[in-house]
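As a plain string of letters, each chain reads:
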Amino acid sequence: MDMEEKPKYGEPKKFDPDFKGPIHNRGCTDIICCIFFIVAIVGYVAVGILAWTHGDPRKVIYPTDSLGQYCGQGKLEKKPLLFYFNMMKCASPMVLLEFQCPTPQVCVEKCPDRTLTLVTAIAKPEDWKYYKSYCREDPGNKPMTEILQKKLCPAYLISSKPFLQRCFPSLGKKGEVITVGDQDKFNDGEKIRDAKDLVAGMKNATVVMEGRQVAMKIFEDYTKSWYWILICLLIAVVLSLIFIVLLRYLAGIMVWVMILMVIAVVACGIAYSSIKYVNLKDTAGSNITLQQLGFQPDFSVYLHIRQTWLAFIIILAILEVIIIIILIFLRNRIRIAVELMKEASRAVGYVMSSLFYPIFTFFLLTIVIAYWGITAVFLSTSSEPVYKVFNETDCPHGRQTCEPENFTISAMKTDCPRSECLFAFYGGETPYHKYLIFFQFYNVFLFFWCANFVTALGQMTLAGAFASYYWAPNKPNDMPAYPLCASLGRSLRYHTGSLAFGSLILAIVQIIRVLLEYIDHKLKGAENKFAKFLLCCLKCCFWCLEKFIKFINRNAYIMVAIYGKNFCRSARDAFFLLMRNVIRVVVLDKVTDFILFLGKLLIVGLVGIFAFFFFSGQTDAFKDAAPSLHYYWVPILTVLVGSYLIAHGFFSVYAMCVDTLFLCFLEDLERNDGSPERPFLMSENLRNVLRKKNQAN
C-alpha cells in the first residue's frame, strides 16, 4: 500500500544534514507574475487619478436643482434647500424611474412658512418680494401669464418644512382630515384643492430618499455612541490579550475552561430567551407571527414578538447540541491538540512581536479598502449632467435629451409649449464614460487582488518566523535576532511574485463569485427553474473552490517561506505532504481550528452580551449612561463585528503558528527518525504524545 501511495503523493522528505530552517540563500520566484502585479498596481493608480479628476462626490451628498447645480455649494452656498414648484407632479411614476420630479426645482435659503398663490402675491408688494425668492429668476415686470407660461415662478407656495435638505409641505391631521398649514384645502393658482392631494407627491418624492434617511439615522447613532463602541472594542482587545497570555501558560486548563464557558454562555442565552418567551405570553400583540409582521426598520419591534424569542431558543439549542456532540466524539483528540497549542504558545513566546503583526496587516488592509472605496465613489460620480424633456401632457419629445441653454428656442419647445428641459441624471458619452463600467470592474478586481496580497504577505511572514523557531536545534540561540523582520524582508525581497500569483488565483475566483451573485440578483424575478438551479450549483461550487484555494495557498506560503521555491512547486509539495498524512490533518489541524474558533466565540459572546444590555437600556445599571439612539442594534452589530475581527486578528497569529508547526512537524517525522544522527526537533511533550523519542548518543 505504501509503494502505491508514494508515486501518487510524491516521495517523503529525505534527511538533509545542512537543513536548519528557512533557507537564506534563495532567489526571486515567479518573476513574471511580480512584473504583472506591478503593472496592474500602476494601472490601478492611473484609474484612481482618472476617477479623482472626473469625479465629484457632491453628486451623492447634495440635492441638485433643475440646472444640475448643487444646493449649498459654490454660488448657492447660502441656499442649501431644494424647493419643488409643484409637489403634486412628483406623484408621477417617472419619479421612481428617473429620480427626478417633472417640475422645476430651485435651491432656496429656507422653506416657505406661509401659503400663497401667485395671483394674491403680486397684488401685495410685501408678499411679492417674499414670493420672488422662490422663483428661478427675477420675473421683473413680466405679466403673470408669461411668468406661468415660462415657469419662472411657482403657481403657489405651501407652508413647508425641510426634510433631507428638501422642502416638503407641512402636513398634519385634524381628526381624520389631512391639513396643510392648519387648513384642509389650498389654492394651487388654478383651483381649490384638498390637502390630501399632496400626499401622493410627497410619498413618491420620499421613496427615493428612504435609504438615505435610514443611513443618516445610522450615522447619527454612530456620532452618539462611537466612544462607547470604542470602549467595547477595547474590552475585546483586553480579553484577547488576556486569553493569549493565559493560553501560553495554562493551555490545557484554558482549553477546557473555554469549552465549558462557551457551553455556559449558550445555555444562558437559551435561559434568557426562554424567560422572555414566557413573560410575553399575556402581552397584547406578542402572538403575531414574523410573517404577519413583515420587515420593520426598527429591529426592537421584533423583540416584543414571542416567535422571535422562540427562534432564538431553537437556534441556540441546536448550536448547544452540535457543540456537545462534537466534543464527545473528539474528546480523546483534544489532548493532542492541547500539546500542539502549547508548542505554538512557546513559539509565540519567543516571537512576541508576532502578536502585534495583525495591526500592520490591518493598517495595510485599511489603505486598500479606503483606496477602493474612494475610487469607487469618484468613479460613480464622474458622469456629466444629462437633461431631458419633462412635460405635463403627452408629447412626442418626452424623455428626450435636451440642452437647457437653447431649449426655449428649440423645436421641442415649439411642439410642446408646456414642456421643460430639466436635469435628469448623471451620464455621458465621452470615451471615458463609455469605459466607466470597465474601470469599476477593474477597481473591484484590484481590490480583491491587493487585499489577498496583504493577507498572503502576513501569512508568509508569520510562517517564516515560526519555522525558524521550529527548526532551530538550540532555541533561541540558533534563531535570528529579529525573526519576524527577517521573514518580512525575505517575503518582500524574494517572493512578491509568489504572493501575487497565489492572491491572483484567489481574486479571480472571488470576482467570479461576485458576478454570480449579480446574475442571481438580476434573475430573482425570473421563472426559469433550471437557470436558478444551475446558478445555485455554480455558486456552491465556486464557494467550495474558494475555500480549497485558500487552504492550498496558506500551506503553499508556508513552504515558500521555508524553502524559497516558486508558488506552484510549493503548493504541490504542501498538498502531497498533507495527503501523505491526511488523517493527522483532519484530526489535529481541524480540532485546533475548532478550539480557536470557540475562543473567538467566547470573546464575541461576552462583549456582545455586555453591549446588548448596555445599548438596549434593559438593565437599570446602564439606563442613565446609555445614549439615546434611533436603532440600538447599530452599535451592537458594530461591536459584534469589531470584536470578532479583533479576536480573529490575535488568534490568526496562533492559527498560522499552529499550521506552520504542523507542517514542520510532519516534515520532521519524514526527515528524522530519532537516531543520534537524525534527532527529532519537536518538543519532548509532542514526542511523548506521539510515542516518539530521541535515542541517546
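Residues numbered from 1 in each chain as written. Predicted model: local features only at pLDDT ≥ 70, side-chain atom pairs only at ≥ 80, totals over all residues. Heavy atoms only, no water.

1. Considerations on the overall build of the protein chain
Part 1 of the reasoning: What the protein chain contains, in helices and strands, is 23 helices and twelve strands.
Part 2 of the reasoning: Scored against the burial criterion, the 697 residues of the protein chain give a buried share of 46%.
Part 3 of the reasoning: Put simply, of all contacts in the protein chain between residues at least 6 apart along the chain, 71% involve residues at least 24 apart.
Part 4 of the reasoning: Element-wise, carbon and sulfur atoms account for 64% of the exposed surface of the protein chain, whose accessible area totals about 36600 Å². (Helix = DSSP H or I, 4+ residues; strand = E, 2+ residues; numbered from the N terminus. Buried < 20%, exposed > 50% of the residue type's maximum accessible area, 1.4 Å probe, protein only. Contact = heavy atoms within 4.5 Å. Areas by Shrake-Rupley, 256 points an atom, 1.4 Å probe, with all protein chains shown as cover.)

2. Quick word on the nonpolar core
Part 1 of the reasoning: Val255, Leu446, Trp449, Phe466, Tyr470 and Phe615 are the most contacted members of the largest nonpolar core, which has 120 residues in total.
Part 2 of the reasoning: Here this core gets 22 residues from one element, more than from any other, and that element is helix H16 (residues 436–470).
Part 3 of the reasoning: Setting aside anything within four residues of it in sequence, one finds Tyr470 in contact with Lys475, Leu661, Cys664, Phe665, Asp668, Leu681 and Met682.
Part 4 of the reasoning: Residues Leu81, Cys111, Ala121 and Leu152 belong to the second largest nonpolar core, which totals 19 residues. (Core = buried A, V, L, I, M, F, W, Y, C linked by side-chain atoms within 4.5 Å.)

3. Concerning the state of the cysteines
Part 1 of the reasoning: Evaluation of the coordinates by the stated rule reveals three disulfides.
Part 2 of the reasoning: Disulfide pairing places Cys135 opposite Cys153 at an S-S distance of 1.9 Å. Its torsion about the S-S bond being 105°, the disulfide of Cys135 and Cys153 is classed as right-handed. Of this pair, Cys135 sits in the loop between helix H5 (125–131) and helix H6 (144–149) while Cys153 sits in the loop between H6 and strand E4 (156–157), placing them 18 residues apart in sequence. This pair shows no difference in class: Cys135 is buried, exactly as Cys153 is.
Part 3 of the reasoning: Cys537 supplies the cysteine sulfur nearest to Cys536, a cysteine that is in no disulfide, at a spacing of 5.9 Å. (Disulfide = S-S within 2.5 Å.)

4. Some remarks on the packing of aromatic side chains
Part 1 of the reasoning: Under the definition given, this model contains 28 aromatic pairs.
Part 2 of the reasoning: Arranged with centres 5.3 Å apart and planes meeting at 55°, the rings of Phe83 and Tyr134 form a pair that is tilted. With a gap of 51 residues between them, Phe83 in strand E1 (residues 81–84) and Tyr134 in the loop between H5 and H6 connect regions that are remote in the sequence. Taken individually, Phe83 and Tyr134 each receive the classification buried, so the pair is uniform in this respect.
Part 3 of the reasoning: An aromatic cluster is built from Tyr44, Trp52, Tyr371, Phe438, Phe439 and Tyr442, whose rings are joined through pairwise contacts.
Part 4 of the reasoning: The lysine or arginine in question, Arg306, covers the ring of Tyr277, its NZ or CZ lying 4.0 Å from the ring centre.
Part 5 of the reasoning: In this arrangement the basic side chain of Lys565 is found over the ring face of Tyr563, its NZ or CZ atom lying 5.5 Å from the centre. (Phe/Tyr/Trp six-rings, centres within 6.5 Å; stacked < 30°, edge-to-face > 60°. Lys NZ or Arg CZ within 6 Å of the ring centre and 35° of its normal.)

5. So, the pairing of strand E6 (residues 166–169)
Part 1 of the reasoning: Alternating positions in E6 separate into two faces, Arg166 and Phe168 on one and Cys167 and Pro169 on the other, with burial throughout.
Part 2 of the reasoning: In this sheet, E6 lies alongside strand E5 (residues 160–163) in antiparallel orientation, the contact comprising four bridges. Following the sheet pairing, Pro162 is matched in E6 by Cys167.
Part 3 of the reasoning: In this antiparallel pair of consecutive strands, E5 and E6, the connection spans two residues, and Leu164 shows a positive phi of 55°. (Pairing = 2+ DSSP bridges.)

6. Concerning the packing of helix H13 (residues 357–380) against H16
Part 1 of the reasoning: Contact geometry for H13 and H16: axes closest at 10 Å, N-to-C directions at 180°. By the angle between their directions, the pair H13 and H16 is classed as roughly antiparallel.
Part 2 of the reasoning: Considered class by class, the residues forming the contact of H13 with H16 number 17 nonpolar, eight polar and no charged. (Axes fitted to C-alpha atoms, helices over the stretch in contact; angles between N-to-C directions. Parallel < 35°, antiparallel > 145°, perpendicular 65-115°, else oblique. Nonpolar A, V, L, I, M, F, W, Y, C, P; charged D, E, K, R; others polar.)

7. Describing a nonpolar patch on the surface
Part 1 of the reasoning: On the surface, Leu234, Val238, Ile242, Val245, Leu246, Tyr249, Leu250, Ile253, Val257, Met261 and Leu606 cluster together into a nonpolar patch covering about 960 Å² of accessible area.
Part 2 of the reasoning: Listing elements by their share of the nonpolar patch, those giving two or more residues are helix H8 (210–249) and helix H9 (251–279).
Part 3 of the reasoning: Broken down by element, the nonpolar patch gets its largest block of residues, six residues, from H8.
Part 4 of the reasoning: Position of Val245 relative to the elements: it lies in helix H8. (Patch = residues over 30% accessible without salt bridge, like charges linked within 9 Å, V, L, I, M, F, W, Y side chains within 5 Å. Salt bridge = Lys/Arg side-chain N within 4 Å of Asp/Glu carboxyl O.)

8. Considerations on the confidence of the model for the protein chain
Part 1 of the reasoning: Of the residues in the protein chain, 77% reach a pLDDT of 70 or more, and the chain-wide mean stands at 77.
Part 2 of the reasoning: Per-element confidence in the protein chain ranges from a low mean pLDDT of 40 for helix H3 (residues 94–98) to a high of 92 for helix H2 (residues 31–54).
Part 3 of the reasoning: Within the model, the stretch residues 92–99 combines pLDDT values under 50 with 20 contacts to residues more than four positions away or in other chains.
Part 4 of the reasoning: Counting contacts from residues 175–181, a segment whose pLDDT is below 50, to residues more than four positions away or on other chains yields 25 contacts. (pLDDT = per-residue confidence, 0-100.)

9. Comments concerning the pattern of salt bridges
Working definition: two side chains of opposite charge can pair if their charged atoms are close together.
Part 1 of the reasoning: For the structure on display, the rule yields ten salt bridges.
Part 2 of the reasoning: Ionic pairing is found between Asp113 and Arg114, a salt bridge with its closest N-O pair at 3.5 Å.
Part 3 of the reasoning: Arg114 is the salt-bridge partner of Asp127, the closest N and O atoms lying 3.7 Å from each other. Of this pair, Asp127 sits in helix H5 while Arg114 sits in the loop between strand E2 (105–108) and strand E3 (116–117), placing them 13 residues apart in sequence.
Part 4 of the reasoning: According to the relative accessible area criterion, Asp127 is buried, its value standing at 14%.
Part 5 of the reasoning: A relative accessible area of 31% means that Arg114 is categorised as partly exposed.

10. Some remarks on the UniProt feature "transmembrane region" (unreviewed entry) in the protein chain
Part 1 of the reasoning: In this numbering, the UniProt entry assigns the feature "transmembrane region" (unreviewed entry) to residues 29–52, 226–247, 253–272, 309–330, 350–374, 444–472, 594–616 and 636–666.
Part 2 of the reasoning: This span, residues 350–374, is 76% helix and 0% strand, and a straight line between its end C-alpha atoms measures 40 Å.
Part 3 of the reasoning: Structurally, residues 444–472 is divided into 93% helix and 0% strand, and its ends, taken at the C-alpha atoms, are 43 Å apart. (UniProt positions renumbered as here; feature names shortened; annotations may be inferred.)

11. Quick word on the side chain of Glu320
Part 1 of the reasoning: One can find Glu320 in helix H11 (residues 306–329).
Part 2 of the reasoning: When near neighbours in sequence (up to four residues on either side) are disregarded, Glu320 contacts Ile263, Val266, Ala267 and Ile270.

12. What to know about H16
Part 1 of the reasoning: For H16, built from 35 residues, the straight-helix expectation of 51 Å at 1.5 Å per residue is met to within 8% by its first-to-last C-alpha distance of 51 Å.
Part 2 of the reasoning: Burial of H16 is extensive: 29 of the 35 residues sit out of reach of the surface. (Expected span 1.5 Å × (residues − 1).)

13. Notes on the environment of Val560
Part 1 of the reasoning: Within the secondary structure, Val560 sits in helix H19 (residues 529–563).
Part 2 of the reasoning: The spatial distance from the C-alpha of Val560 to the C-alpha of Ser570 is 5.8 Å, given a sequence separation of ten residues.
Part 3 of the reasoning: Not counting the four nearest positions on each side in its chain, Val560 is found in contact with Arg26, Met460, His495, Lys565, Asn566, Phe567 and Ser570.

14. Here we look at unusual backbone geometry
Part 1 of the reasoning: Of note in the backbone geometry, Asp30 takes a positive phi value of approximately 50° without being a glycine.
Part 2 of the reasoning: Its location among the elements puts Asp30 in the loop between helix H1 (2–9) and H2.
Part 3 of the reasoning: Residue Asp30 is classed as buried on the basis of its relative accessible area, which comes to 19%.

15. Focus on the packing of H2 against H13
Part 1 of the reasoning: One can describe the packing of H2 onto H13 by two numbers: an axis separation of 8 Å at closest approach and a directional angle of 45°. One element, H2, and the other, H13, form an angle in the oblique class. Like other packed secondary-structure pairs, H2 and H13 cross with a definite hand, here left-handed. Of the residues in H13, those touching H2 at Tyr44, Val45, Val47, Gly48, Ala51 and Trp52 are Tyr371, Trp372, Ile374, Thr375, Phe378 and Leu379.
Part 2 of the reasoning: Of the residues in the contact of H2 with H13, the class split is ten nonpolar, two polar and no charged. (Left-handed = near helix turned anticlockwise from the far one by under 90°.)

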